[in-house]
Each structure stands twice: as C-alpha cells, then as structure tokens.
Amino acid sequence: MNHTIKIIAATASAILVLGLTGCGKKKASAKANSDSAEQMFAVGTYVISEGNLDDYLEFGGDVVSVNAIAVLPDMAGKVSRVTVSVGDMVGKNQVIAYVDASRAGMTYSASPVRSPIAGRIISLPVTVGTTVGQTSPIATVARTDDLEVKINIAERFISRVSTNQTAVVTFDAYPGVEFPATAKEISPVLDTLTRTMQVKLKFNEKDNRIKVGMYARVKLITDSVKNAIVIPSNAVLTREGKTYVFVAKNGVARQEAVECGISVDNKTEITRGLQVGDEIVIKGQALLNDGVKLNVISTSK
C-alpha cells in the first residue's frame with residue numbers, strides 16, 4: 001500500500017515539473033515572437049524640393065474689343081443700300097451704307113453712312129428697307145486685333161485685386177491652352193445692383209484664335225511665392241490645435257511641428273519646420289505616432 005502511494009506521488013511530481021517547464025517555454029516563445037514581430041506601418045512618402053505657388057481668384061468674363069464704335073446715320077430714313085457684310089474690314093470714313101430720307105412729296109439724295117474708324121464689321125443689324133433714326137446703329141466697327149476681357153469682381157474680393165496683377169485666361173474652344181493677360185483697368189466704383197466691380201484685362205500677346213464675344217475663364221493671380229517649401233496639403237495634420245507633419249528618418253516616423261503659408265489646389269506652403277530634401281509621409285500618416293517604424297512602399301518627388 002505504501003509502495004503504491006509513493007509511486008503515485010512521484011508520478012504527480014514529474015507531471016507537475018513537466019507542466020511548469022512547458023509553460024515557461026511557451027511564455028518565452030511568445031515573448032520572442034512578439035519582439036520579432038514589432039509593428040511597422042506601410043506608408044507613401046514625398047521628397048521635398050523648392051517650388052512656386054500662386055494663389056488666385058477665378059472668374060468668368062467676355063472678350064471684347066478695346067475700340068468698338070456704333071456707326072450712326074446723319075439723318076432718319078430708310079436704308080437704301082448696304083455696302084459691307086459682317087466680318088469685312090473697313091477703312092476710316094469708308095461708306096458702309098446709304099440712308100434715303102425721302103418721303104411723300106419730298107425727294108432727297110441718299111445720305112452716306114461712313115465708318116468713323118478703321119476696323120472690322122462685327123455687327124450689322126440693318127438690311128435694305130429698314131427704317132432707322134439718328135440714334136439707330138447701322139453697324140458696329142471694332143479693332144479686333146486689340147482685345148480685352150471684362151470680368152466682374154464680387155465686393156468681398158476687391159481688397160485682393162490691383163492693377164498689373166497677372167492672369168491666366170482659358171477658353172473651352174482651346175482645351176489646355178493658356179493665354180497670359182494683365183489687369184490694366186479697375187473701376188473706381190461698384191455696381192449698386194450686383195455689388196460687383198468691373199476689371200479689364202489685356203492680353204499680353206495678340207492671338208488670332210481669340211475672338212470678340214468668346215467666354216473666358218480667368219484665374220487672377222492675387223499672391224505668389226517663389227522658391228518655397230511646397231508640399232501636398234494632405235500631409236499636414238492638426239491635433240490638439242497644433243499643426244505638424246511626419247518625416248521619415250532612417251525608417252522611423254518623426255513628428256515635426258510646422259507653420260503653414262498659403263494653400264492652393266491641394267498644395268501648401270510651409271514657412272517653418274521643414275527643409276528641401278526632407279522625406280515626408282503623405283499616405284498612411286493619420287495612423288502614425290512619433291517614433292513608430294515605417295515600411296516605405298512608394299516615394300514621389
């Protein structure tokens with residue numbers, strides 16, 4: 001009986017020792033696996049270089065001739081003859097039509113209507129037989145090689161507009177083509193009905209593709225920075241009222257406080273905190289904390 005008890009006790013002790021040894025090995029193995037599988041964050045980065053950034057206001061406008069004159073007759077009557085067509089070039093004092101003032105019992109010689117300037121006929125609202133008065137336009141003559149764009153600026157933007165500001169003009173007729181222009185004239189008053197101020201822009205170069213009456217899309221440059229630190233806006237994070245970005249250094253994320261300037265078209269100027277050559281995180285940055293390890297899967301410049 002005593003012999004049997006001794007055998008059972010020895011067996012239990014051996015099982016206990018083996019169990020404790022096994023648990024110790026499992027804990028050591030788990031700790032080793034945890035250490036070897038330290039968490040890394042997959043991110044995309046961007047290498048900073050100097051760039052330019054232009055802030056702007058966008059408007060729609062119309063192309064008009066700098067010089068456009070409505071041609072009026074010297075007397076009332078009926079148009080007896082028209083000597084030109086829309087699109088024709090005319091010289092100064094060239095006859096473009098005749099008006100006959102004759103009426104029942106009274107006959108007059110047809111009065112010639114002359115163009116006061118040299119240019120192109122852009123409007124011809126009358127035909128033979130049309131009755132006109134001395135305030136009725138016979139035609140509109142314009143110098144179509146001297147064009148400008150008229151835009152209207154909302155009152156809230158007028159503090160950002162001044163003469164000689166540069167602009168980029170585009171047209172639906174020429175996708176992707178930019179026509180440089182300059183703000184040359186700003187109205188000193190606002191329209192009380194629309195609360196807008198008229199601005200005229202002149203094209204920097206003459207271009208036969210631009211026509212009177214075309215609808216223009218205008219980007220008026222109001223602020224410009226050159227050779228600045230410019231980064232994608234999504235790289236900038238704000239937490240607890242502070243603005244910062246994550247910089248990738250030797251495979252580790254470093255949180256850097258920054259100060260921002262202007263932001264335009266998803267790009268932001270950085271005035272303090274970064275320098276040319278820094279590699280910043282632009283994808284996956286929202287989940288990062290200072291000091292975590294990074295796995296850079298893509299880099300752009």
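Structure's up top.
1. A look at the environment of Gly60
Now for step 1: Tracing the sequence through the fold places Gly60 in strand E2 (residues 50–65).
Now for step 2: Placed 93 residues apart in sequence, Gly60 and Ile153 show a C-alpha to C-alpha distance of 9.7 Å.
Now for step 3: In contact with Gly60, other than residues within four places in its own chain, are Lys150, Ile151, Tyr215 and Ala216.

2. Some details on the sheet that holds strand E6 (residues 95–100)
Note: strands within a sheet are paired through backbone hydrogen bonds, in either parallel or antiparallel orientation.
Now for step 1: The four strands are arranged E7-E6-E4-E9 in an open sheet whose pairing can be described as antiparallel. Of all the strands in the sheet, just strand E7 (111–114) and strand E9 (131–132) have a single pairing partner and so form its edges.
Now for step 2: Two elements, strand E4 (residues 77–82) and E9, share two bridges in a ladder whose sense is antiparallel. Note on E9: the bridge partner recorded for Gly77 is Val132.

3. Describing the pairing of strand E20 (residues 267–272)
Across a regular strand the side chains alternate sides, sitting on one face of the sheet and then on the other.
Now for step 1: Alignment of strand E15 (residues 215–232) against E20, held across four bridges, turns out to be antiparallel. What sits directly across from Val230, in E20, is Glu269.
Now for step 2: With four bridges connecting them, strand E19 (residues 259–264) and E20 associate as antiparallel partners. Paired with Cys260 across the two strands is Ile270, which belongs to E20.
Now for step 3: Hairpin geometry of E19 and E20 is characterised by an intervening segment of two residues between the two adjacent antiparallel strands and by a positive phi of about 50° at Asp265.

Conventions we followed
- Residues numbered from 1 in each chain as written.
- Predicted model: local features only at pLDDT ≥ 70, side-chain atom pairs only at ≥ 80, totals over all residues.
- Heavy atoms only, no water.
- Helix = DSSP H or I, 4+ residues; strand = E, 2+ residues; numbered from the N terminus.
- Contact = heavy atoms within 4.5 Å.
- Pairing = 2+ DSSP bridges.

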